[in-house]
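Summary of the model geometry
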Protein chains: 2
Amino acid sequence: MGKPKNILFIMCDQLRADYLGCTGHPTQKTPHMDALARKGVIFDRAFCQAPVCGPSRMSFYTGRYMQSHGSTYNGVPLNIGEQTLGDYMRRLGVTTGLIGKTHMTADRQGMKRLGVDPQGDDGILASQCGFEPWERDDGLHPDAGTDPNLPYNQYLRAQGYDGDNPWHSYANSGVDETGNVVSGWLLRNAHLPARVDKAHSETAYMTDRAMARISELGETPWCLHLSYIKPHWPYIVPAPYHNMYDSTDILPPNRDDTEKEAPHPVIAAFMEHEESRNFSDEAKRRHVIPAYMGLISEIDDHIGRLMSFLQEQGRLEDTMIVLTSDHGDYLGDHWLGEKEMFHEESLAIPMILYDPDENADATRGQHVNELVEAIDLIPTFIDALGGDSQSHILEGRSLRPLLHNAGTTDWRDAVFSEADYAWRGARLSLDLKPDQTRAYMVRTDRWKFISHDHFKPQLFDLEEDPNELMDLGESNSHQEIRREMSERLTIWLRDRRRRTTITHEEIENRTDNAKERGIYFGVW
Amino acid sequence: MGKPKNILFIMCDQLRADYLGCTGHPTQKTPHMDALARKGVIFDRAFCQAPVCGPSRMSFYTGRYMQSHGSTYNGVPLNIGEQTLGDYMRRLGVTTGLIGKTHMTADRQGMKRLGVDPQGDDGILASQCGFEPWERDDGLHPDAGTDPNLPYNQYLRAQGYDGDNPWHSYANSGVDETGNVVSGWLLRNAHLPARVDKAHSETAYMTDRAMARISELGETPWCLHLSYIKPHWPYIVPAPYHNMYDSTDILPPNRDDTEKEAPHPVIAAFMEHEESRNFSDEAKRRHVIPAYMGLISEIDDHIGRLMSFLQEQGRLEDTMIVLTSDHGDYLGDHWLGEKEMFHEESLAIPMILYDPDENADATRGQHVNELVEAIDLIPTFIDALGGDSQSHILEGRSLRPLLHNAGTTDWRDAVFSEADYAWRGARLSLDLKPDQTRAYMVRTDRWKFISHDHFKPQLFDLEEDPNELMDLGESNSHQEIRREMSERLTIWLRDRRRRTTITHEEIENRTDNAKERGIYFGVW
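The residue numbers shown here count from 1 along each chain, following its written sequence. Note on labels: chains are lettered from A, ligands numbered from 1, in written order. In keeping with the model being predicted, local features are shown solely for residues with a pLDDT of at least 70 and side-chain atom pairs are shown and tallied solely at 80 or more, while totals for entire chains, interfaces and linings include all residues. The basis for every side-chain value is the complete set of heavy atoms in the structure, and neither hydrogens nor water enter the calculation.

1. Side note on the relation of the copies chain A and chain B
Note the following rule: A least-squares fit on C-alpha atoms brings the copies together, and the residues used are those whose pLDDT is at least 70 in both copies. Two residues qualify as a contact provided that any one of their heavy atoms is within 4.5 Å of a heavy atom in the partner residue.
Laying chain A over chain B is done by rotating through 180 degrees and shifting 0.0 Å along the axis; what remains is an RMSD of 0.0 Å. Both copies of the chain, as the preceding transformation shows, are related through a two-fold rotation axis. The position closest to the rotation axis in chain A is occupied by the C-alpha of Gly81(A), lying 2.0 Å away. The share of interface residues of chain A whose copies in chain B are also at the interface is 100%, consistent with both copies meeting through the same surface.

Now the structure itself:
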C-alpha cells in the first residue's frame, strides 16, 4: 500500500444509495461493491448537488454547486469560464480522461467568442468537460438522432449485431412473447432479456475499454472517469440479469396516501408526470424494478472484474478509487418516478472511497456518518495528489481527513442541493416562466428544508419522520425551524465562490500595499 | 432627429452625483453637462453596483451585478466566461472601442487554459474587457511601474514635456512656493496648478482622441466608450482650473460627531484609513476639494467641446449619449475618504441619457426619479439598436421606456450594490480572512440596508434622516424593517442570472419534448 498516484472515479447513473448490499438492501446483491467498501469506507450520508444527471455531474466535475457552475439542467452548456476536474488534474501532471457519460454540453458560443477551435486540443477539452474523450458515450441513442459513428454501435456491429442503431435494436430491445422485437424504452418490456449477450452490454464494453486504457497507461499517472450509463433507463438488461430478481425481491414502496391529499404544488405537478403515474401503479412498479436491480448486479459483476484486474496490475497499491452515482431514482416512492425532487430516494447517492494510503488503514471497512457532497471529490483528489486546495473556486472539502483521522471534528453540519425544472411539464402545468422554477434544499442531521421559487417551502423532520411522508412546510409548530433553515440557505447563498480568478494568497499579498506599488491616495 | 445608430458612453471616474450644476450643486459649474441633461434626461437616483472602480466598471461592462461577474475588486481578473458590452454591440454590427480607462484585469489563466493567444484578435478583446483598445489608459502611472510606451506620455514628450514619466512629473505635479517640483499624489499639493497646459491635460487629450476616432469612423456604426480618468485623484489640475474654486465654494461636510461615537465596526475600520483621517481634517478637506471641483469643470469644458464637435458632424442626430461615473467620493463626509462604503456620497452616480429618437422628445430636460442602476446601460444600448434583450445574462433593464413613456409603471423599487474590502487595511484591523469581507446593500425609496459578513447590519431611514447620520442597524423599533430588507436581499441573491448559456426561448422550445426527440422515459 502507498500514496495514491492514480484516480479511478467510477460513476453509475441513477443508482440509488439504498440499492447496495453494503447500504442495507436486503435482496439486492452487490458483493463486489461491498468488497470495495470493506477495502475503503462507505459514506452513509452522501448527497448529490442536483438530482438530475447534467447539473449533478457538472457539480462533480467542477467541484462547485449548481448555482456556481450555472449548468442547471441537461443540455445547458457549461460556461467556458468554468474549470473542471481535468484542469486540476493535468496541472498536477496527471493524464485525465473519460470512458462513458458526462452529459456535458459545450459552450459553443463561448468558444466562438474566444476563437477556440472545437476540434483543436484545447477546444476538445473545452467540449468534453475537461476530459480527454477516450470514449464519450452519454448512453441515450434514440433512433431519431444517433451518431452514426458511435463506437459502441460499431463494436456491436463487429460482434454481429446489425442495423443502424444496435444500441437500441439489440442492447436496449427484447423479444416479446409473440416473437416481436420490442423496445426497452417502454416500461412494459422491462421483464425481457436484452438482445445482447451479457459480454457485449454497454456495461461490459465500458469496463473492457477502461481496463484496456489502464493497461496502455502503464506507469503514467492517470485519472480515469469510468462513467457507467446504467442502471439509468431504458430499464432492460441482458440475461441472466433480467430474471435474477423477481417481485418477491422488491421492497414495498415508501409512500402513503396522505402524501396525495394536499401535496406541495410542485410535488403535485411532478406527481402528474407520466413517469410518476406509471410508477405509482404497483403492478408496473413490480414489473420494472427487477430489471433495475438486474442492471445493478450487472454493474457489480463488472466492478468485480475490474477490481481483479487492478489487483493483478498492482494498481490497488497506488490508485484511489471512488464509486458513486449522480443521483437516485424514485421508482414510485412518494408517488413519483425518476428524480429531480429532494426526497432521500432521489437525493442520496452511494459513495465508496478507497484510499491505498496506509494512513487510511484505521478506517477500512467503516461506515462514515459525516454529511458529504458530490463537490467533495475534486478536493479529495487534489489532496490525494498533493495539490493546492484551490478553495477560492472549489466549494467542497477533501474527504481524506475522514479516512485518516477517524472522528474528525469541525465537519459541515448541512448539505445543499438544487433544482431547476424549467424544462419539465411541471413548469407548464404550474404556469411558470423559465426563470421561476428553482428550488433550494438544505439538509441537516434532523431537518430537510426546501425553498421553492414562488411557492411555500417544504420541511421534513428526518428524526420523527425518516420516510419523509409528512411535509411540515406549513406546520404552525415549525415556524422557528423553517426560519432557521431559511437563514442557513441565505448564508449559503452568500458564501458561494463567485470570485474565482484570484487566490486568497494573492489577496493577502496585495492587501494594503498601494504605497509599495507607488500609488498614494489620501496621503497628505 | 432619428433612431440612434451610434453609442457614446462617457464615463467619469469618482465624480459624485451631487457635484454637477444640474444636480443641484450651488457653486460647481458644469454648464455643458447641464446642457446635455436638458437635451436628454437626468436620473436623480442612479447608483453604482459597487463603489470601487474595478467591480463597478465590470458591472457597467457586463450588465451584471458584482457577484454575478465575480470581479469583486480592482485587479481581480474578469472571468473569461463573462460577455461584455463589446460582445453585445459587435453582434449588432457595431464597432466598439475604448478611449481611456476600464480598470479591467484579463483572465490570463483562463486564456491559457483555452489556448487563446493574448496577442491575437480574440485574445486582445478578451484582455481589454471586450473593447477594441483604441486607447487604453487606466490613468494611474506611478514612476515605479509606468508602461514605457504609454501613448499619453509619448504625446506629452512630443509637446515638449520631458522625462520618463511626464504623466507624473508634469500632468500630475506642480511647483511649490519654493520652486520645487512636487507630486500631485500628495493632498498637500492640490492647490498648485499642474505643470501642463490645459490643452495637454489627460482630459483634453482623451477628448481629442475621441473626436479623431469619431471622424475616422464616418458612417460606420460605432460604440465609443470615452472613459475619463478624472476627477479621480491625484487631485491636481492645470490652470486656470486649479484656482477656479476656493474654500468659499465648498459645501460644509455631511458628518456629525455622533457618527464617531459607536460606529459600525466596518465603518470604524474605514474611518481609521489614512484617507479618512486626512479628509476628516477640515483644513485638509478645504485644501483639496477646490482641485476636485476644478477637475470637474475641466471635464465639463471638454464635454462642451465634444458636443459642439458632434453637432458639427451631424452625430447628435444618430448617437445615443450617456454621461455617468463609476462611483462617488466621500471627500470627508461621514468622516470617510475615498469610496467603497454605501452612503449616497459614494454610491450615487450622475446619469445623463440623451436619446435622439423623437419618441424621447416628450421627456427632454426632465429629471427622472426612478431608481436606476449601472447595469441598465447595456440593456439600454441593445434596446436602442434593436437587439434581443439577452435577459438570461443581463441583470438590468433598458432605460428607454423611462424616456419614451413618461410615468412608466412596473419599475423596480430597490437597487443593490456590493463591496468586498479584502484588499484594504480594514480587513487587517478587523482580523478577517479574504473571504469574510463582503457587504450587500439594498436601497429602496425610504430605506438603505447593508448586510455585512460577520457583523451586524446597517440601516438608514432616508426619509427621516436623508443625510444618513444615524445608523439604525440595532434599533429596537426597526426590527421588522431590517427583516423585510434582509428578505429583499435574499430574494435578490436567489434571482441572480447564473444560467447564462441558454436563452429563455431555447428553454421554451425544449420543454417537455423528450418524446419528440425519440427519448421515452416513464412510458409504459
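2. Considering helix α2 (residues 53-62) of chain A
Short version of the rule: Relative accessibility decides the category of a residue: with a 1.4 Å probe and only protein chains considered, values under 20% of the type maximum give buried, values over 50% give exposed, and everything between is partly exposed. We count a stretch as a helix when DSSP gives it H or I for four or more residues in a row; a strand needs E for two or more, and each element gets its number in order from the N terminus.
Where burial is concerned, most of α2(A) is hidden: ten out of the ten residues are buried. Gly63(A) sits one or two positions beyond α2(A) and adopts a positive phi of about 75 degrees.

3. So, the environment of Gly304(A)
Looking at the element boundaries, Gly304(A) is found in helix α12 (residues 282-313). Taking the C-alpha atoms as reference, Gly304(A) lies 8.1 Å from Pro31(A); in sequence the two are 273 residues apart.

4. Some points on the UniProt feature "domain: Sulfatase N-terminal" (unreviewed entry) in chain A
Note the following rule: UniProt positions are given in the numbering used here, feature names are shortened, and annotations may be inferred rather than shown by experiment.
In the UniProt entry, the feature "domain: Sulfatase N-terminal" (unreviewed entry) is given for residues 5-386 of chain A. Taken end to end, residues 5-386 of chain A is 34% helix and 16% strand, and its first and last C-alpha atoms sit 10 Å apart.

5. Examining the interface of chain A and chain B
Stated formally: Buried area is understood as the total, over both parts, of accessible area removed when two parts are fitted together, assessed with a 1.4 Å probe. We define a salt bridge as a side-chain nitrogen of Lys or Arg found within 4 Å of a carboxyl oxygen belonging to Asp or Glu. In protein, a polar contact means a hydrogen-donor-capable atom and an acceptor-capable atom, both N or O and within 3.5 Å, with residues adjacent in sequence counting only if both atoms are side-chain atoms; elsewhere, any N or O pair within 3.5 Å suffices. The nonpolar class holds Ala, Val, Leu, Ile, Met, Phe, Trp, Tyr, Cys and Pro. Asp, Glu, Lys and Arg form the charged class, and all remaining residues, Gly among them, are polar.
Counting residues at the interface gives 75 residues for chain A, matched by 75 residues for chain B. Of the roughly 7,300 Å² buried between chain A and chain B on both sides combined, carbon and sulfur atoms contribute 53%. For the interface between chain A and chain B, the tally reads twelve salt bridges. We note a salt bridge from Arg438(B) to Asp495(A), for which the minimum N-O separation is 3.5 Å. Where chain A meets chain B, there are 46 residue pairs in polar contact (both at pLDDT 80 or more). Among the elements that make up the side of chain A that touches chain B, the one with the highest residue count is helix α18 (residues 504-510) of chain A (four residues). Looking at the side of chain A that touches chain B, its residues break down into 26 nonpolar, 21 polar and 28 charged.

6. A closer look at the nonpolar core
Taken as a class, soluble globular proteins show a tendency for nonpolar side chains to be buried jointly. How we decide: To define a nonpolar core, start from buried Ala, Val, Leu, Ile, Met, Phe, Trp, Tyr and Cys residues and group those joined through side-chain atoms within 4.5 Å.
In terms of nonpolar packing, the biggest core is built from 144 residues, with Phe9(A), Phe43(A), Phe9(B) and Phe43(B) touching the most fellow members. Discounting chain neighbours no more than four positions away, the residues touching Phe43(B) are Met351(B), Leu353(B), Val368(B), Val372(B), Leu399(B), Leu402(B) and Leu403(B).

7. Digging into the pattern of salt bridges
Inspection of the entire model under this criterion finds 92 salt bridges over all chains. For Asp333(A), the salt bridge goes to Arg16(A), with nearest N and O atoms at 2.7 Å. Of this pair, Asp333(A) sits in the loop between β8 (319-325) and α13 (344-347) while Arg16(A) sits in the loop between β1 (6-13) and α1 (31-39), and the two are 317 residues apart along the sequence. The pair formed by Asp333(A) and Arg16(A) is uniform in burial state, with each residue classed as buried. Its salt-bridge partner being Arg315(B), residue Asp318(B) comes within 2.9 Å of it at the nearest N-O pair. Looking at Asp318(B), the relative accessible area reads 12%, which means it is buried. Using a relative accessible area of 5% as the deciding quantity, one classes Arg315(B) as buried. The structure contains a network of salt bridges with shared partners spanning Lys3(A), Asp355(A), Asp357(A) and Arg400(A).

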